[in-house]
Amino acid sequence: MANMKVACIGNMNNMLFSLTRYLREKDIDAHLFLSANELNGLEHFLPQNDTFDNKFENYTKQLSWGAGGSTVFKNTTKEQIKRDLAGFDFFIVCGTAIGYLHKAGIKTDIYFPHGSDIKYVPFMGEKMTILNKFRNFYGFRFFESMKKGIQSAKIINIEHSDPFWKDPLIRLNVLNKSTYFGCPMVFDTIYNRENIAKYYQNITNLELYEKLRVENDLLIVNQASQTWTAPIDKTGRISKGSNNLIEGFASFIAQKPHDYKAKLILFEYGNDVKASKKLISNLGIINHVLWHPTSARKEIMTLLSFADFACGEFYPGCIGGNTTWEALVSGACLLHYLNTKHTEFKEFLDTPYPFVNVKKPEEISKVLLDFTLNQQKYKNLGQQGTIWYKKYFAEKSLNKWIELIEKSKND
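Treat the numbers as computed from the prediction; the structure is a model and nothing was measured.

Caption draft 1: Representation of the overall build of the chain in the model. Scanning the chain from N- to C-terminus turns up 18 helices and 13 strands. Since a compact globule built from 411 residues should have a radius of gyration of about 22 Å, the 22 Å found for the chain is in line with a globular shape. Within the chain, the proportion of its 411 residues that are buried is 58%. About 18000 Å² of surface is accessible on the chain, with carbon and sulfur atoms providing 49% of the total.

Written out as structure tokens, the structure is:
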């Protein structure tokens, strides 16, 4: 295995940096390639914001291609792509870089989409008029190359029990090679509650987090983007039901014991931040809510290590993503909505993660009120969540990735 070189290309939502580190811990020569322009405006997803050292510099390379639109696609030659990836045997791709690999005739071994790269971008060429195709020829070529790259990928790792995610797979005719075996997207080696305390001295906002903990009986964190005013916003982002949490928390504040101190921490991230602030003002709970600027994961995970509850999403009911996994690793109790009609726990995830399944404001309020009486119950759920993540992601999922890499070597 020592001579097998693995390229992990793309890092939207920190999806492949953690995997790269887990693979390297298993003596697999994995390298992270950052796609050009992919994280513009999303610098909090850069590797340096998800680690406490600079070792990643030894196995991370910035590409001049991978995203960036028609001009970059036009100016990037097949030879350039092949040179950048020379010597690698196995290709794991997240995001639009798969279109560039297809251009160079390189087949993706595992495609691990983050969202819009499977739901929307592959179909954009179909929406172009003949005139637009003529005017933006290389834009059209890029969309088509991305679609063909996905169709030629050997495996697509995606959870598609929800029709929202199954539909694009059917349209692309790739459902038969789409499966889900997860990915350890949060590096629990440093981020579980026991270990992260070792790195507190590196955290800028540590004093604030400690103060919040001391001053409050209940601390709730929701690091997900504020998205809720439409089922799907103008950028294609699905609602996360952020308003349900805010309204549920407001109901709790109105009913809680008089001297009970509680704080909800939200992040200034997402298209509906202004709408959420207005809702909070209308509900009269401004003094009970703290707005946190968009932050590095290492800051978020430190904050979560002080929290009682960490929140996933409250709509539409998918299995979850980074916020879900961050909550489980952190040891905080996960508040999240899962649509059990669509999601069956079998095969890879043969048992649900320990969490509190809530959607409606009154359900959220009821749980928070119960916390005031039964704190240990929710603390235990948080501890069980950390154990679950290690079993299913840091071990079972990682073993599957390694199995597929080894199998490729023997083919």
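Caption draft 2: Summary view of the nonpolar core. With 73 residues, the main nonpolar core has Leu23 and Trp325 as its most contacted residues. Top contributing element to this core by residue count: helix α18 (residues 375-410), with ten residues. The residues touching Leu23, leaving out its near neighbours within four places in the chain, are Val6, Cys8, Ile28, Ala30, Leu398, Ile402 and Ile405.

Caption draft 3: Broad picture of α18. Counted at 1.5 Å a residue, the expected span for α18 with its 36 residues is 52 Å, and the 52 Å between its end C-alpha atoms agrees. Along its length, α18 shows its largest kink, about 30°, at Lys390.

Caption draft 4: A look at helix α1 (residues 17-25). Of all the nine residues making up α1, seven are buried; the element is thus mostly covered by neighbouring parts of the structure. Its buried side turned inward, α1 meets β1 (5-9), β2 (29-34), β4 (90-93), α10 (188-191), α15 (297-304) and α18. Looking one or two places after α1, you find Asp27, whose phi comes out positive at around 65°.

Caption draft 5: Up close: unusual backbone geometry. The amide bond that connects Tyr315 to the next residue, Pro316, takes the cis arrangement and shows omega of 0°. Located in the positive-phi region is Asn14, a residue other than glycine, with phi close to 60°. By the element assignment, Asn14 lies in the loop between β1 and α1.

Caption draft 6: Structural detail: the side chain of Asp84. Along the chain, the position of Asp84 falls in helix α3 (residues 78-84). Residues contacting Asp84, with those up to four places away along its chain left out, are Phe33, Lys61, Leu63 and Trp65.

Caption draft 7: Region of the structure containing the pairing of strand β8 (residues 218-222). A large share of β8 lies buried, amounting to five of its five residues. By the alternation rule, side chains of β8 split into Leu218, Ile220 and Asn222 and Leu219 and Val221, which are all buried. Examined bridge by bridge, β8 and strand β9 (residues 262-268) share five bridges and lie parallel to one another. The residue bridging Asn222 from the neighbouring strand is Leu266, located in β9. Assessed by its sense of winding, the connection that carries the chain from β8 through helix α13 (residues 242-255) to β9 is right-handed. As paired strands, β8 and strand β11 (residues 309-311) are joined by two bridges and run parallel to one another. Residue pairing across strands places Ile220 opposite Phe309, the latter belonging to β11.

Caption draft 8: Main features of the sheet that holds β2. One open sheet holds the seven strands; their spatial order is β3-β2-β1-β4-β5-β6-β7, and the pairing between them is parallel. A single partner strand is all that each edge strand has here, and the edge strands are β3 (60-62) and β7 (178-179). Where strand β6 (residues 155-157) lies against β7, two bridges are found, and the strand directions are parallel. In the strand pairing of β7, Asn157 is matched with Thr179. Across the sheet, α1 is in contact with β1, β2 and β4; its angle to β2 comes to roughly 165°.

Caption draft 9: Quick look at the side chain of Thr51. Locating Thr51 in the fold gives a position in the loop between β2 and β3. Judged by relative accessible area, which is 6%, Thr51 ranks as buried. Among the polar contacts listed, one links the side chain of Thr51 to the backbone nitrogen of Asp53, at a separation of 3.4 Å. Once residues lying within four places of it in the same chain are set aside, the contact partners of Thr51 are Phe17, Arg21, Phe56, Ile190, Tyr191 and Lys298.

Caption draft 10: Broad picture of the packing of α13 against helix α14 (residues 273-283). Put simply, α13 and α14 touch, their axes get as near as 10 Å, and they point 15° apart. As judged from the angle between their axes, α13 and α14 are roughly parallel. The two elements α13 and α14 meet at a crossing, and its hand is right-handed. Taking contact as the criterion, the partners of Asn243, Ile246, Glu247 and Ala250 in α13 are, on α14, Ser276, Leu279, Ile280 and Leu283. The residue inventory of the contact of α13 with α14, partitioned by class, reads five nonpolar, two polar and one charged.

Caption draft 11: Local environment of the packing of helix α17 (residues 361-371) against α18. Interaxial distance between α17 and α18 falls to 7 Å at its minimum, and their mutual angle equals 110°. The angle between α17 and α18 falls in the class roughly perpendicular. Contact with α17, carried on its side by Val367, Asp370 and Phe371, involves Gln375, Lys377 and Tyr378 of α18 and no other residues of that element. When its residues are assigned to classes, the contact of α17 with α18 shows three nonpolar, one polar and two charged.

Caption draft 12: Main features of a positive patch on the surface. A cluster of basic residues, Lys78, Lys82, Arg141 and Lys148, forms a positive patch at the surface. Every element with two or more residues in the positive patch is listed here: α3 and α8 (137-152). Considering the arrangement of structural elements, one finds Lys148 in helix α8. Residue Lys148 is classed as partly exposed on the basis of its relative accessible area of 43%.

About the criteria used
Residues numbered from 1 in each chain as written. Predicted model: local features only at pLDDT ≥ 70, side-chain atom pairs only at ≥ 80, totals over all residues. Heavy atoms only, no water. Helix = DSSP H or I, 4+ residues; strand = E, 2+ residues; numbered from the N terminus. Rg over C-alpha atoms; globule rule 2.2 N^0.38 Å. Buried < 20%, exposed > 50% of the residue type's maximum accessible area, 1.4 Å probe, protein only. Areas by Shrake-Rupley, 256 points an atom, 1.4 Å probe, with all protein chains shown as cover. Core = buried A, V, L, I, M, F, W, Y, C linked by side-chain atoms within 4.5 Å. Contact = heavy atoms within 4.5 Å. Expected span 1.5 Å × (residues − 1). Bend = angle between axes of the 7 residues up to and from the residue. Pairing = 2+ DSSP bridges. Right-handed = clockwise from strand over helix to strand, strands pointing away. Axes fitted to C-alpha atoms, helices over the stretch in contact; angles between N-to-C directions. Polar contact = N/O pair within 3.5 Å; in protein donor to acceptor, adjacent residues only side chain to side chain. Parallel < 35°, antiparallel > 145°, perpendicular 65-115°, else oblique. Left-handed = near helix turned anticlockwise from the far one by under 90°. Nonpolar A, V, L, I, M, F, W, Y, C, P; charged D, E, K, R; others polar. Patch = residues over 30% accessible without salt bridge, like charges linked within 9 Å, V, L, I, M, F, W, Y side chains within 5 Å. Salt bridge = Lys/Arg side-chain N within 4 Å of Asp/Glu carboxyl O. Lys, Arg positive; Asp, Glu negative; His and termini not counted. Charge placed at Lys NZ, Arg CZ, Asp CG, Glu CD.

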